[in-house]
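# Architecture at a glance
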Amino acid sequence: ISQMEFVRRVDVQSETVAKYIQDGRIKPDLVVPIGEKKTLKYFHEETLQEAAQKHGWRTINDSNRVQIFMEMVERMDMSYSYKPVLIKAFLQCANEKGRAKIDDLVDYFKKFYESRRQKGLVVEKEKCLYTRGGYTDAEVRRNILSNPFRRFEEMNMMRHTKTFGIVEIDSAVWKRLDDSQQKKIVEICDQKLDAYYARLE
């Protein structure tokens, strides 16, 4: 499996896996040069399982994916307000198959931050595009896909189909998220946002 797939199969961030490989704590089973300095690294399934056991990582599968997703929501690391806004946007915009149009997510983000501006509340950190205003839909789209979405994509919880302009949650997660769990997720996101903005203010 590729390094990207390795990351998707364990409950740690891509930077952690990359560092362990760089430090020699995880050894690839195949290294393919693709340039003077770049290589692609591949791993046997046994290597992944041994690394996960050795370093205390959980491997992600359909049986525990929704539990890990809920844990990601509950412990959500936040440098900006984007992750809880994305999750709330997705739950509001998703159809019965767990798919949402990226344009609908963009509209939600714009309404969320412009609503704060109109109420005289702190919008975001000083250098954030939502604080400066005058941003385009394309900038908001890039922001969504490069920041909050990327972490969920890395762990194979969400994916973006550029051709159709769709963001979807993994079906194994969506099928197990009942109404009460979705309500709990929204409550957690609201709490995270309240705490985040309290720090900024």
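Since this is a predicted model, take the numbers as computed values, not measurements.

Right, let's get into the packing of aromatic side chains. For the structure on display, the rule yields 12 aromatic pairs. Ring centres 6.3 Å apart and planes at 45° place the aromatic pair Phe-109 and Tyr-130 in the tilted group. Residue Phe-109 is found in helix H6 (residues 102–118), and its partner Tyr-130 is found in helix H7 (residues 129–132); the two are separated by 21 residues along the sequence. Taking relative accessible area as the criterion, Phe-109 reaches 0% and is therefore assigned buried. Each residue in the set Tyr-80, Tyr-82, Phe-109, Phe-112, Tyr-113, Tyr-130 and Tyr-135 is aromatic and connected to the rest through ring pairs, giving one cluster. Its guanidinium or amino end placed over the ring of Tyr-20, Arg-25 lies 3.8 Å from that ring's centre, counting from NZ or CZ. One residue, Lys-125, lies across the ring of Tyr-80, its end atom 4.6 Å from the ring centre.

Here helix H11 (residues 179–200) contains 22 residues, and its C-alpha end-to-end distance of 32 Å stays within 8% of the 32 Å for a straight helix at 1.5 Å per residue. Residues of H11 that are buried: Gln-182, Ile-185, Ile-188, Cys-189, Leu-193, Tyr-196 and Tyr-197. Buried positions in H11, seen along its axis, are confined to an arc of 160° and lie on one side of it. Turned more than 90 degrees away from the buried face of H11 sit Ser-180, Lys-183, Gln-191 and Asp-194, all of them exposed. Buried residues belonging to H11 abut helix H4 (65–74), helix H5 (82–93), H6 and helix H10 (171–174).

With that settled, the discussion passes to the sheet that holds strand E4 (residues 158–161). The pairing of strands in a sheet comes from backbone hydrogen bonds and takes either a parallel or an antiparallel form. The strand order E3-E5-E4 describes an open sheet built from three strands, whose pairing is antiparallel. The open sheet has two edge strands, strand E3 (99–101) and E4, and neither has a second partner. On average, adjacent strands in this sheet sit at an angle of 25° to one another, irrespective of strand direction. Summarising the sheet, E4 and strand E5 (residues 166–169) pair through four bridges and their orientation is antiparallel. Within E5, the residue paired with Thr-161 across the bridge is Ile-166.

The next point concerns the pairing of strand E1 (residues 30–33). Strand direction decides the pairing type here: E1 and strand E2 (residues 39–42), joined by four bridges, are antiparallel. Within the sheet, the bridge partner assigned to Val-31 lies in E2 and is Lys-41. The hairpin formed by E1 and E2 contains five residues between the paired strands.

Next up on the list: the side chain of Glu-124. Relative to the helices and strands, Glu-124 is located in the loop between H6 and H7. At 5.9 Å, Lys-125 is the nearest oppositely charged side chain to Glu-124, a buried residue that forms no salt bridge. Polar side-chain contacts of Glu-124 include one of 2.8 Å to the side chain of Tyr-196. For Glu-124, the residues in contact, after removing those within four places along its chain, are Tyr-80, Ser-81, Tyr-82, Tyr-113, Thr-131, Tyr-196, Tyr-197 and Leu-200.

Right, let's talk about the nonpolar core for a bit. Phe-69, Phe-109, Tyr-113, Tyr-130, Met-157 and Ile-185 are the most contacted members of the largest nonpolar core, which has 48 residues in total. Not counting the four nearest positions on each side in its chain, Phe-69 is found in contact with Phe-152, Met-157, Ile-169, Val-173, Leu-177 and Ile-185.

Thresholds applied
Residues numbered from 1 in each chain as written. Predicted model: local features only at pLDDT ≥ 70, side-chain atom pairs only at ≥ 80, totals over all residues. Heavy atoms only, no water. Phe/Tyr/Trp six-rings, centres within 6.5 Å; stacked < 30°, edge-to-face > 60°. Helix = DSSP H or I, 4+ residues; strand = E, 2+ residues; numbered from the N terminus. Buried < 20%, exposed > 50% of the residue type's maximum accessible area, 1.4 Å probe, protein only. Lys NZ or Arg CZ within 6 Å of the ring centre and 35° of its normal. Expected span 1.5 Å × (residues − 1). Arc of directions from axis to C-beta. Contact = heavy atoms within 4.5 Å. Pairing = 2+ DSSP bridges. Axes fitted to C-alpha atoms, helices over the stretch in contact; angles between N-to-C directions. Lys, Arg positive; Asp, Glu negative; His and termini not counted. Salt bridge = Lys/Arg side-chain N within 4 Å of Asp/Glu carboxyl O. Polar contact = N/O pair within 3.5 Å; in protein donor to acceptor, adjacent residues only side chain to side chain. Core = buried A, V, L, I, M, F, W, Y, C linked by side-chain atoms within 4.5 Å.

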